[in-house]
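In case you want the letters, here they are:
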Amino acid sequence: MADFQEKKRKRRKEVGVVSNEENLEKIMHREVEKQRRQEMASLYASLRSLLPLEFIQGKRSTSDQLNEAVNYINYLQRNIKDMSSKRDELMLLSGQSFESRNKQSRNDNSNHVVIRPCLVGVEIVFSVLQTPLSSVLHVLSEHGLYVLSCFSSNVNGRLIHTLQAEVDDLALVDFADLNIYLLRLP
């Protein structure tokens, strides 16, 4: 019976050691997990502070906030792409007018047109000296285009209009014909 009692004490001691080791591992795991959650909360708060209010209003869950952050990043990327292409077109158009002045190969009063498809339909960049915008709008309406937005700027004495127009069927728009009509405007 003494042997049985001795074995029982050893088992309790071993179980106690294992139990203490398991408790220590659990405590360490909890601390590591607590630090990870604190770091994630800090990073999440930092991301949230960078978003404009219109992207975070009314959203409460973390997944909703992260989704809105992704939407905002995509929105910024689209804006950068649009602005880069408009910058390139403006540089191209202003470069053409500069060359025409230097070489005198073109009439300085000539119009320059760039037409391309875009998400809403058609984007038209139109560089003019004297043509009124109303004439451009009239030609577009005759070709079945509905103007959604128009931005105008003045570069080297030239007005540059960037128009976005909606169209019912893009396949029915003859870009070459539209280009010719716009270039012939007075």
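Please read all numbers here as calculations on a predicted model, not as lab measurements.

Peer 1: Looking at this model, I keep getting lost on a nonpolar patch on the surface. Mind explaining?
Peer 2: A cluster of nonpolar side chains, L119, V120 and L148, forms an exposed patch at the surface whose accessible area comes to about 330 Å². Mapped onto the elements of the fold, L148 is located in strand β3 (residues 145-155).

Peer 1: Help me understand the packing of aromatic side chains in this model?
Peer 2: The geometry of two aromatic rings is summed up by the distance between their centres and the angle between their planes. Using the criterion set out here, one finds one aromatic pair in the structure. Considering the side-chain rings of Y72 and Y75, the 6.3 Å spacing of their centres and the 25° angle between planes classify their relative orientation as stacked. One end of the pair, Y72, and the other, Y75, are both in helix α3 (residues 62-103), three residues apart, so they sit about a helical turn from each other. Residue classification places Y75 among the partly exposed positions, given a relative accessible area of 36%.

Peer 1: Any chance you could explain the pairing of strand β4 (residues 158-167) here in plain terms?
Peer 2: Here is the key point about a regular strand: its side chains alternate between the two faces of the sheet. In terms of burial, β4 is a largely internal element, seven of the ten residues being buried. In terms of strand pairing, strand β2 (residues 121-128) meets β4 through eight bridges, oriented antiparallel. From the neighbouring strand, V128 faces β4, where its bridge partner is L159. The pairing of β3 with β4 spans ten bridges and is antiparallel. Bridged to N154 within β4 is L159. Between β3 and β4, which pair antiparallel and follow one another directly, the connecting turn spans two residues, one of which, N156, has a positive phi of 55°.

Peer 1: Help me understand the sheet that holds β3 in this model?
Peer 2: Adjacent strands of a sheet pair through backbone hydrogen bonds, lying either parallel or antiparallel. The strand order across the open sheet built from four strands is β1-β2-β4-β3, with neighbouring strands paired in antiparallel fashion. Looking at the sheet topology across the chains shown, the edges are occupied by β1 (112-117) and β3. Geometrically, the sheet is characterised by an average inter-axis angle of 15° between neighbouring strands, direction not taken into account. Relative to β2, β1 runs antiparallel, the two sharing six bridges. Opposite R116, over in β2, you have E123 as the bridge partner. Contacts between helix α5 (residues 175-183) and the sheet are confined to β1, β2 and β3, with β1 contributing the most and set at about 155° to the helix.

Peer 1: Before we go on, may I ask you to explain the pattern of salt bridges in this structure?
Peer 2: Side-chain pairs of opposite charge can arise where the charged atoms are in close proximity. Applying the stated criterion across every chain, the model contains three salt bridges. Residue E33 is joined to R37 by a salt bridge in which the shortest nitrogen-to-oxygen separation is 4.0 Å. With E33 and R37 both in helix α1 (residues 2-50) and four residues apart, this pair spans about one turn of that helix. Of the residues examined, E33 reaches a relative accessible area of 24% and is grouped as partly exposed. Owing to a relative accessible area of 46%, R37 belongs among the partly exposed residues under this scheme. Bridged by salt links that share partners, the residues E33, R36 and R37 form one connected network.

Peer 1: Would you mind going over the environment of L148 with me for this structure?
Peer 2: Between the alpha carbons of L148 and V120 there is a distance of 8.6 Å; along the sequence they are 28 residues apart. In contact with L148, other than residues within four places in its own chain, are V120, Q164, A165 and E166.

Peer 1: Can you walk me through the side chain of H161 in this structure?
Peer 2: Relative to the helices and strands, H161 is located in strand β4. Residue classification places H161 among the buried positions, given a relative accessible area of 4%. Only 2.7 Å separates the side chain of H161 from the side chain of S152, close enough to count as a polar contact.

Peer 1: When you look at the packing of helix α4 (residues 133-142) against α5 in this model, what are you seeing that I'm missing?
Peer 2: In a pair of packed helices, the angle between the axes and the distance between the axes together describe the arrangement. Axis separation between α4 and α5 bottoms out at 10 Å; the angle between their running directions is 155°. Classified by the interaxial angle, the pair formed by α4 and α5 is roughly antiparallel. Considering how the two elements wind past one another, α4 and α5 form a crossing that is right-handed. Contacts from V136, V139 and L140 in α4 reach L178, Y181 and L182 in α5. Residues of the contact of α4 with α5, tallied by class, amount to six nonpolar, no polar and no charged.

What counts and what doesn't
- Residues numbered from 1 in each chain as written.
- Predicted model: local features only at pLDDT ≥ 70, side-chain atom pairs only at ≥ 80, totals over all residues.
- Heavy atoms only, no water.
- Patch = residues over 30% accessible without salt bridge, like charges linked within 9 Å, V, L, I, M, F, W, Y side chains within 5 Å.
- Areas by Shrake-Rupley, 256 points an atom, 1.4 Å probe, with all protein chains shown as cover.
- Salt bridge = Lys/Arg side-chain N within 4 Å of Asp/Glu carboxyl O.
- Helix = DSSP H or I, 4+ residues; strand = E, 2+ residues; numbered from the N terminus.
- Phe/Tyr/Trp six-rings, centres within 6.5 Å; stacked < 30°, edge-to-face > 60°.
- Buried < 20%, exposed > 50% of the residue type's maximum accessible area, 1.4 Å probe, protein only.
- Pairing = 2+ DSSP bridges.
- Axes fitted to C-alpha atoms, helices over the stretch in contact; angles between N-to-C directions.
- Contact = heavy atoms within 4.5 Å.
- Polar contact = N/O pair within 3.5 Å; in protein donor to acceptor, adjacent residues only side chain to side chain.
- Parallel < 35°, antiparallel > 145°, perpendicular 65-115°, else oblique.
- Left-handed = near helix turned anticlockwise from the far one by under 90°.
- Nonpolar A, V, L, I, M, F, W, Y, C, P; charged D, E, K, R; others polar.

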